[in-house]
Amino acid sequence: MMTAPAAHYLLFVEASIEPNQAGTWRFVLENVATGESFSATDGEAIECHERLELLAVVRGLESIDHSARVTLVTKSRYVNRGLKRGLNDWRANGWQWERFGRVVPVRDHDLWKRVDRALNYHQVDCRLWQFGGEVEAEPAVEIETPVESVVIAGPRRGRFTLAAEGFRRATQAAASLGDALMPTSLAG
C-alpha cells in the first residue's frame with residue numbers, strides 16, 4: 001500500500017517586545033510545494049521573549065490540520081535547544097527537571113506540552129537562523145541545480161526582525177533552499 005508523502009511546510013516564527021507595550025508573536029507558514037503561505041500575529045501580555053517565541057511555534061504547528069513535515073526556522077536558541085535536547089527528558093521526568101539541586105517544573109511546561117502533542121502529528125526539523133546583518137552568509141550547498149546565495153539584512157534593533165522587507169527576503173531565501181531541503185526521492 002502506497003501512502004501520499006506528507007506535505008512539507010516552512011514555519012518562520014518570531015517574537016518582539018517593545019517598551020511599555022504588550023509582547024507580539026508572529027508566524028508564517030509556507031507550503032514548499034505550492035508556495036502558498038499563511039501568517040498570523042497577535043499581542044500578548046507576556047514580558048518574556050522566549051515564551052512569546054514558543055507561543056508562535058505552538059500556534060504555527062497547531063494551525064496545520066493534517067500530518068506534515070515541518071522545517072521550523074527560528075532565531076530562538078531557547079526553542080531550538082528545547083526541541084533538540086530537552087523535550088524528551090522533560091516528558092520522561094513528568095515535565096520537571098533539577099535546577100540548583102531542587103526539582104522544579106520546566107519553564108513554560110504548558111506550551112512545551114502542546115509542542116509535544118503536535119509532534120505526534122508532525123515531523124519537525126528545527127533550524128536556528130540568525131536574521132541579523134552581522135552574520136556572514138554561508139556558502140551555497142552544492143546541488144545539481146544552482147542555488148543563488150541570499151543574504152538577509154536585519155532591520156534596526158528593537159523592531160520586528162521580519163518586517164515586510166525582511167520577510168520578503170527570508171521567503172526568497174526559503175524558496176531558494178526549498179529544493180535543497182526536498183528529499184532526493186522527490187527532487188526528480
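Residues numbered from 1 in each chain as written. Predicted model: local features only at pLDDT ≥ 70, side-chain atom pairs only at ≥ 80, totals over all residues. Heavy atoms only, no water.

*Asks:* Can you help me understand the pairing of strand 5 (residues 96–99) in this one?
*Replies:* Regular strands place side chains that alternate from one sheet face to the opposite one. Relative to strand 6 (residues 102–105), strand 5 runs antiparallel, the two being bridged by four bridges. Of the residues in strand 6, the one forming a bridge with tryptophan 97 is valine 104. Linking strand 5 to strand 6, which pair antiparallel, is a turn of two residues; within it phenylalanine 100 sits at a positive phi near 50°. (Pairing = 2+ DSSP bridges. Helix = DSSP H or I, 4+ residues; strand = E, 2+ residues; numbered from the N terminus.)

*Asks:* I keep staring at unusual backbone geometry and nothing clicks. Help me out?
*Replies:* Negative phi characterises most residues that are not glycine, and trans characterises most peptide bonds. Although it is not a glycine, phenylalanine 100 adopts a positive phi angle of roughly 50°. Its place among the elements puts phenylalanine 100 in the loop between strand 5 and strand 6. Residue classification places phenylalanine 100 among the exposed positions, given a relative accessible area of 76%. One non-glycine residue, aspartate 108, lies in the positive phi region at around 60°. By the secondary structure assignment, aspartate 108 is in the loop between strand 6 and helix 3 (109–118). Since its relative accessible area comes to 11%, aspartate 108 is described here as buried. (Buried < 20%, exposed > 50% of the residue type's maximum accessible area, 1.4 Å probe, protein only.)

*Asks:* Just checking my understanding: could you explain the nonpolar core for this structure?
*Replies:* In a soluble, globular protein the nonpolar side chains are often hidden away together inside. Grouped together as the largest cluster of nonpolar side chains are 31 residues, with contacts concentrated most on Leu11, Leu72, Leu83, Trp112 and Val115. Among the elements of the structure, strand 1 (7–17), strand 2 (23–31), helix 1 (49–62), strand 4 (68–74), helix 2 (77–92) and helix 3 are those that each provide at least two residues to this core. Looking at which element gives the most residues to this core, the answer is helix 1, with seven residues. (Core = buried A, V, L, I, M, F, W, Y, C linked by side-chain atoms within 4.5 Å.)

*Asks:* Looking at this structure, how should I read the environment of glycine 82?
*Replies:* Its location among the elements puts glycine 82 in helix 2. Overall, glycine 82 belongs to the buried group, its relative accessible area being 4%. Counting along the chain gives 28 residues from glycine 82 to leucine 54, while the straight-line C-alpha distance between them is 9.7 Å. Look past the residues within four positions of glycine 82 in its chain and what remains in contact with it is Leu87, Trp90 and Trp112. (Contact = heavy atoms within 4.5 Å.)

*Asks:* Would you take a moment to explain the pattern of salt bridges for this structure?
*Replies:* A side chain with one charge may pair with a side chain of the opposite charge, provided their charged atoms come close. Considering all chains together, one arrives at seven salt bridges under this definition. In this structure, the salt-bridge partner of arginine 26 is glutamate 14, at a minimum N-O distance of 3.9 Å. Of the two residues, arginine 26 sits in strand 2 while glutamate 14 sits in strand 1, which places them 12 residues apart along the sequence. Glutamate 14 carries the same exposure label as arginine 26, and that label is buried. (Salt bridge = Lys/Arg side-chain N within 4 Å of Asp/Glu carboxyl O.)

*Asks:* Would you explain the packing of aromatic side chains in this entry?
*Replies:* The way to describe two aromatic rings as a pair is by their centre distance and the angle between their planes. Taken as a whole and assessed by the stated rule, the structure comprises four aromatic pairs. Taking 5.7 Å as the distance between ring centres and 65° as the angle between the ring planes, the aromatic pair formed by tyrosine 78 and tryptophan 112 counts as edge-to-face. In this pair, tyrosine 78 is assigned in helix 2 and tryptophan 112 in helix 3, connecting sequence segments 34 residues apart. Both residues of the pair, tyrosine 78 and tryptophan 112, belong to the buried class. Within the aromatic cluster, the residues linked to one another by ring pairs are Trp25, Phe27 and Phe38. Positioned above the aromatic ring of tyrosine 78 is the side chain of arginine 107, whose terminal nitrogen or guanidinium carbon lies 4.3 Å from the ring centre. (Phe/Tyr/Trp six-rings, centres within 6.5 Å; stacked < 30°, edge-to-face > 60°. Lys NZ or Arg CZ within 6 Å of the ring centre and 35° of its normal.)

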